[in-house]
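# Close look at the chain arrangement
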Amino acid sequence: MKSEINLTMLTDFYEFTMMNGFFSEGYRDKIVYFDMFFRKIPDNGGFAVMAGVEQMIEYISEISFTDDDIEFLRGKGMFKEEFLEYLRSFKFECDVWAIPEGTPIFPGEPIVTVRGPAVQAQFVETMILLTINHQSLIATKANRIVRAAGGRAVMEFGSRRAQGYSGALIGARAAYIGGVDGTACALSDKLYGVPALGTMAHSWVQMFDTEYDAFYAYAKNYPTSCTLLVDTYNVLKSGIPNAIRVFDEVLKPMGARPKGVRIDSGDITYLSKKCRKMLDDAGYPDCNIVASNSLDEYIIRDMLLQGAKIDSFGVGERLITSKSEPVFGGVYKLVAAEDSDGNIVPKIKISENVAKITTPGFKQVHRLYSKKDSSALADVITMHDESIDDTKPYTIFDPEHTWKKKTVTDFYSRELLKPIFVKGKCVYESPDIHVLREYCKMEIDGLWDEVKRFENPHTYYVDLSEKLWTLKNKMLEEYQN
């Protein structure tokens, strides 16, 4: 969404203190490399879904500091005038690579890489993390819910429970990439093309003298898209009987068929079974049953295992906020810098917490696919200038348990990180959102079923090339001595 607010200043204040310091220490134009990556998949899942690249592009393309911004920073009394004047004429000059939206992604691999002058590459950290973290979180949660629904439609109903209006708007976009069929948010349809869906709330039914009158009025106004909310008073004693009566008296004479009924409370599994029988007996086997009310992938899965007769789901707060795990822990770390001769010097962060040790160097991610069925076999993180020869067998190994090896044959390789900006100029055109959704589905279909389990999923292979592994371990040994 292109906001009327200048988002340039939406950054951590330490970005400014570091940038000003880089100026003072002569690092203004030093070329550096930063990677964004994440360490843990939300909900202990087998994979995450990349999202947010389009909004990252919009932000970077519009970076500019206003006079008010400069005066605000000057008022802090801690920044050099030379630095403030640089900001006044700021022009983004970095190269950026990113994994396309909708792609399954895994811990440890770079999903965004930024190369450029230190002050610029440092500055974009916050918004890159904010944008990619949020949308990848929601796209990942949405895909889990869609998979739990087993081919039944899922609608995103969470606008009123989202964490702010941008969370609702951008969240609906991310959920659609992850696989939902539509959203309750009208503005997300207008801005991003996410199909807006919806019928009535309980207030519609309460507004009329009787439930029958409410259903009658709705069917009269929307005969070709009539879905009635049947749980305002009593689903089985009044809601479904009144719905059937209106279908008979209003829709049938018009030659129309009902779209569905929605249940938003009670024991939905039990009620759906009873509703299905009542609708079938009345001659409406084609009338869908929609379920809503604080659903998530686990509840949906259990309802279906218990034989619920539900055709589609409306999922709200637990999707749009990813309530079960509301943080996507992407980080942005320095991995290399160039010396005065243009040589790339790798950088590493070391920690007693092994998970926080970074992988140094300017890198690329290769995904290996089976030529037999195009299933994803493994990811290999390599140095940026390495290639993988898919005309001969390739041996991958676990970076931590190196004796665990696997030789891959009859495969083809694809580089995942794509150029987004070259010297500050955008060279990437974001695909249509409907294309992204289909691409996401296709890529996830290509993962092993074991990777897609909700509990104890198989750990997808993400390995380092021998060259990169050797570099990392050499640096670890050097810093330990």
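A brief report on the enclosed structure follows.

## With respect to the overall build of the protein chain
- In terms of regular secondary structure, the protein chain is built from 16 helices and 21 strands.
- Each of the three principal axes of the protein chain carries a C-alpha extent, and together these read 85 × 60 × 35 Å.
- The buried share among the 481 residues of the protein chain stands at 53%.
- Taking the intrachain contacts of the protein chain between residues at least 6 apart in sequence as the baseline, contacts between residues at least 24 apart amount to 73%.
- A total of about 22000 Å² of accessible surface is found on the protein chain, and carbon and sulfur atoms cover 50% of it.
- Taking the average location of the 57 positive side-chain charges in the protein chain and that of its 68 negative ones, the two points are 4 Å from each other.

## Let's talk about unusual backbone geometry
- Of note, serine 294 is a non-glycine position whose phi angle comes to about 50 degrees, a positive value.
- For serine 294, the location among the structural elements is in the loop between β10 (288–291) and α13 (297–305).
- Phi is positive for serine 374, which is not a glycine, with a value near 60 degrees.
- The topology assignment puts serine 374 in the loop between β14 (363–370) and β15 (376–383).
- Judged by its relative accessible area of 38%, serine 374 is partly exposed.

## Things to note about the pattern of salt bridges
- Applying the stated rule across the entire model yields 36 salt bridges.
- Of the charged contacts in the structure, one is a salt bridge between arginine 437 and aspartate 181, with a shortest N-O distance of 3.2 Å. Of this pair, arginine 437 sits in helix α15 (residues 433–445) while aspartate 181 sits in the loop between α7 (165–178) and β7 (182–183), and the two are 256 residues apart along the sequence.
- The class of aspartate 181 is partly exposed, set by a relative accessible area of 31%.
- The closest approach of N and O atoms between arginine 318 and aspartate 296, which form a salt bridge, is 3.4 Å. Pair noted here: arginine 318 is in helix α14 (residues 317–320) and aspartate 296 is in the loop between β10 and α13, with a separation of 22 residues, a long-range link.
- By relative accessible area, which is 23% here, arginine 318 ends up partly exposed.
- The class for aspartate 296 is buried, based on a relative accessible area of 11%.
- Each of Asp67, Glu71, Arg74, Glu81, Glu85 and Arg88 takes part in one network of salt bridges that share partners.

Conventions adopted
Residues numbered from 1 in each chain as written. Predicted model: local features only at pLDDT ≥ 70, side-chain atom pairs only at ≥ 80, totals over all residues. Heavy atoms only, no water. Helix = DSSP H or I, 4+ residues; strand = E, 2+ residues; numbered from the N terminus. Buried < 20%, exposed > 50% of the residue type's maximum accessible area, 1.4 Å probe, protein only. Contact = heavy atoms within 4.5 Å. Areas by Shrake-Rupley, 256 points an atom, 1.4 Å probe, with all protein chains shown as cover. Lys, Arg positive; Asp, Glu negative; His and termini not counted. Charge placed at Lys NZ, Arg CZ, Asp CG, Glu CD. Salt bridge = Lys/Arg side-chain N within 4 Å of Asp/Glu carboxyl O.

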